[in-house]
Amino acid sequence: MNMVYNFSAGPAMIPIDVLDQAQKELKNWNQLGSSIMEISHRSEEFIQVALEAEKDLRDLLKIPDSFKVLFCQGGARGQFSAVPMNLLNHSFSKTADYINTGYWSNCALIEAKKYCIPSSIHIKKTTNEIISLLPISQWNINKNSAYIHYCPNETIEGLSIYEEPSFDNKIIIGDFSSFILSRSININNYDLIYAGAQKNIGPAGITIIIIRDKLIKCSSNISPSILDYQKISQHNSMFNTPPTFAWYLSGLVFKWLKKQGGLKKIQILNTKKSNLLYQKIDDSEFYINRIDKKNRSQMNVVFHLINPKLNNIFLKEAHDLGLTSLKGHCIIGGMRASLYNAMPLEGVKSLVRFMSYFENRYG
Ligand SMILES: *Cc1c(COP(=O)(O)O)cnc(C)c1O
């Protein structure tokens with residue numbers, strides 16, 4: 001089979017080396033004569049896997065000891081509920097600030113309305129048809145909000161915030177689902193970040209939460225136990241049976257990232273990959289992206305063909321060449337190339353070559 005480069009936004013590519021290793025040890029993991037899916041999550045062997053995954057993630061993101069790492073279920077959408085349920089201490093009259101940048105941050109806001117009175121803070125503006133996001137210093141934060149929730153990478157629109165938040169005495173929550181591990185960040189600038197695994201970590205089914213210790217201590221008990229930060233933490237992320245295979249595979253991805261040289265190296269590569277594609281778009285009059293350079297996502301590159309009648313031929317010809325899942329989300333249309341860590345530079349080069357060919361043929 002020819003190499004396939006899968007540009008899916010999630011579930012997305014997993015490094016080929018990781019898949020090879022998982023395949024090699026699938027039926028006889030760790031010389032136990034069974035797969036890792038078939039052993040107890042409470043076994044010594046699995047607990048070792050869980051501890052190593054946490055340690056490697058801590059090394060990669062330089063997570064200080066004052067933060068806990070929780071592995072749980074329910075996806076990022078589960079956290080849209082868990083965050084207000086845990087952090088508002090029964091006070092339904094409290095307000096929380098939701099920075100509204102696109103589809104996912106808006107979904108978080110809608111879910112929060114069940115638990116509090118969120119304010120929607122709009123920071124998107126369009127000048128001469130170019131979309132940009134206001135710098136953090138211009139966000140119109142409410143003085144008495146219980147926390148600020150934002151999404152540094154809007155997976156569907158391809159919009160990013162690279163600036164890190166810095167507010168005095170504010171709890172900062174980030175939906176990092178399609179941003180986590182794509183670059184190095186300073187965890188101390190946040191109080192809680194969460195991410196579903198299926199974008200830039202591993203298989204769907206596991207959700208990672210990095211949370212400041214002192215926030216766990218004041219989480220409320222109205223949450224369902226499986227979303228209760230205190231309970232999850234007290235049970236070392238094993239209050240209910242965890243998605244063991246997804247946990248194991250995520251651990252392999254963390255080791256792979258360390259082998260690539262860690263997040264500084266990954267960040268350089270991600271910049272290179274996305275620059276290559278944005279350059280191709282900007283150099284042509286056939287493709288277009290209308291996002292301010294400072295807010296362009298390195299993970300999800302959204303672009304349109306000037307002539308949308310060619311969309312289906314573009315998708316078909318790309319697919320026939322092994323460049324798959326390029327169709328944009330239906331609310332935006334056009335194309336979207338997701339360039340998560342597992343997408344090799346060669347995949348982006350192939351896409352760019354194909355785009356040049358396609359432009360010459362149909363332009
Ligand atoms: C994919 C995604 C979600 C939804 O994740 P689930 O795991 O399906 O709940 C939420 N936020 C962002 C930014 C995403 O990219």
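Residues numbered from 1 in each chain as written. Predicted model: local features only at pLDDT ≥ 70, side-chain atom pairs only at ≥ 80, totals over all residues. Heavy atoms only, no water.

In the annotation of an unreviewed UniProt entry, the protein chain is listed under the name Phosphoserine aminotransferase and assigned to Buchnera aphidicola. UniProt lists a comment for the protein chain under the heading Sequence similarities (unreviewed entry), and it reads "Belongs to the class-V pyridoxal-phosphate-dependent aminotransferase family. SerC subfamily." Taken verbatim from the UniProt record of the protein chain, the Subcellular location (unreviewed entry) comment is "Cytoplasm". (UniProt positions renumbered as here; feature names shortened; annotations may be inferred.)

One pass over the structure, following the stated rule, counts 23 aromatic pairs. Pairing Phe354 with Tyr357 gives two aromatic rings, centres 5.9 Å apart and planes at 40°, and the pair type is tilted. Pair noted here: Phe354 and Tyr357 are both in helix H10 (residues 345–362), with a separation of three residues, about one helical turn. Residue class for Phe354 comes out buried when judged on its relative accessible area of 3%. (Phe/Tyr/Trp six-rings, centres within 6.5 Å; stacked < 30°, edge-to-face > 60°. Helix = DSSP H or I, 4+ residues; strand = E, 2+ residues; numbered from the N terminus. Buried < 20%, exposed > 50% of the residue type's maximum accessible area, 1.4 Å probe, protein only.)

Feature annotation in UniProt places "binding site: L-glutamate" (unreviewed entry) on Arg42, given in this structure's numbering. Along the chain, Arg42 turns up in the loop between helix H1 (16–24) and helix H2 (44–61).

We note that the domain assignment places domain 1 (17–259) and domain 2 (261–362) within the protein chain. Its C-alpha centre places domain 1 at a distance of 27 Å from the equivalent point of domain 2. The interface of domain 1 with domain 2 comprises 27 residues on the first partner and 26 residues on the second. Across the interface of domain 1 and domain 2, roughly 2,400 Å² is buried in total on both sides, 53% from carbon and sulfur atoms. When residues of domain 1 are sorted by the area they lose upon contact with domain 2, Ile156, Tyr162 and Arg183 head the list and together hold 21% of the total. Taken together, the connections running from domain 1 to domain 2 amount to one salt bridge. Of the charged contacts in the structure, one is a salt bridge between Glu129 and Arg290, with a shortest N-O distance of 3.2 Å. Contributing elements (two or more residues each) for the side of domain 1 that touches domain 2: H2, strand E6 (130–133), strand E9 (159–160) and helix H7 (244–259). (Domains from an automatic or database assignment. Contact = heavy atoms within 4.5 Å. Buried area = accessible area lost by both parts, 1.4 Å probe. Salt bridge = Lys/Arg side-chain N within 4 Å of Asp/Glu carboxyl O.)

So, on to the sheet that holds strand E7 (residues 148–150). Across the sheet, seven strands lie side by side as E2-E12-E11-E10-E7-E3-E4; this open sheet has mixed pairing. Each edge of the sheet is formed by a strand with only one pairing partner; in this case those strands are strand E2 (67–72) and strand E4 (117–122). Put simply, the sheet's adjacent strands are angled 20° from each other on average, direction ignored. Contacting strand E3 (95–100), E4, E7 and strand E10 (172–175), helix H4 (residues 103–112) crosses the sheet at an angle of about 160° to E3. (Pairing = 2+ DSSP bridges. Axes fitted to C-alpha atoms, helices over the stretch in contact; angles between N-to-C directions.)

So, about the pairing of E10. Taken residue by residue, a regular strand's side chains alternate between the two faces of the sheet. In E10, alternate side chains face the same way, and those of Ile172 and Gly174 on one face and Ile173 and Asp175 on the other are all buried. In this structure, E10 lies alongside strand E11 (residues 192–196), joined through three bridges in parallel fashion. Bridging from a neighbouring strand, Ile173 pairs with Leu192 of E11.

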